[in-house]
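Residues per chain are reported as follows:
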Amino acid sequence: MSDTTAQVQAHSGQQQHPIRLYLLVWGLLFVLSAFSYLVDYVGIQGYARWSLILLFMMLKAGLIVAVFMHMAWERLALVYAILLPPVLVLVFTALMVSEADYTILTRLAFFNAAP
């Protein structure tokens, strides 16, 4: 019976994943969302709050992309083509933020300096 199923899947060119995987990911998404809401409920403030919320958001987005959008089973070149540009945008944004801090500090030092 399993030999026939394998032949049908090979013939149709589609791969089916067990429903258990999707239910497990759905449960993980629920738990990560609960943790995200707990950050607000507990009352964590400041950078810790936003870091935790962003961490849970990125984990949920990664699970959705990997499993529900089937990126975990794609070729590595396709994964790089889709995931590498947003990572590079984040790196360049971090560089711009550090440059902006340097620029504002330089301007404040220059314009506040009395001759």
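Asker: I'd like to hear about the pattern of salt bridges, residue by residue, with values.
Answerer: Scanning all chains against the criterion turns up one salt bridge. Among the salt bridges present, the one from Arg49 reaches Asp40, with a minimum N-O distance of 2.9 Å.

Asker: Can you tell me about the confidence of the model for the protein, naming the residues and giving the values?
Answerer: Looking at the protein as a whole, its pLDDT mean stands at 84, while 84% of the residues score no less than 70. The secondary-structure element of the protein with the lowest mean pLDDT is helix H1 (residues 2–12), recorded at 53, while helix H2 (residues 19–42) shows the highest, at 93.

Asker: Describe the packing of aromatic side chains, and please don't skip the residues or the numbers.
Answerer: Applying the stated criterion to the full structure yields four aromatic pairs. Between Tyr22 and Phe68 the ring centres are 5.7 Å apart and the planes differ by 25 degrees, which places this aromatic pair in the stacked class. In this pair, Tyr22 is assigned in helix H2 and Phe68 in helix H3 (residues 47–68), connecting sequence segments 46 residues apart. Ring geometry for Phe110 versus Phe111: centroids 5.2 Å apart, planes at 70 degrees, classification edge-to-face. Summarising the burial analysis for this pair, Phe110 and Phe111 share the class exposed. Its guanidinium or amino end placed over the ring of Trp50, Arg49 lies 4.9 Å from that ring's centre, counting from NZ or CZ.

Parameters at a glance
Residue numbering note: each chain is counted from 1, following its sequence as written. Side-chain atom pairs in this predicted model are given and counted only at pLDDT of 80 or more, local residue features only at pLDDT of at least 70, and totals for whole chains, interfaces and linings cover all residues. To obtain the side-chain values, all non-hydrogen atoms of the structure were used and water was disregarded. When a carboxyl oxygen of Asp or Glu lies within 4 Å of a side-chain nitrogen of Lys or Arg, that pair is called a salt bridge. How sure the predictor is of each residue is captured by pLDDT, a score from 0 to 100. Numbering of helices and strands runs from the N terminus; a helix is a DSSP stretch of H or I covering at least four residues, while a strand is a stretch of E covering at least two. Under the pairing criterion, centres of Phe, Tyr and Trp rings, with the six-membered ring standing for Trp, must be within 6.5 Å; the plane angle then separates stacked pairs below 30 degrees from edge-to-face pairs above 60, leaving the rest tilted. Throughout this description, buried means an accessible area under 20% of the type-specific maximum (1.4 Å probe, protein chains only), exposed means over 50%, and partly exposed covers the range between. In this scheme, Lys NZ or Arg CZ marks a charge over a ring once it lies within 6 Å of the ring centre and within 35 degrees of the ring normal.

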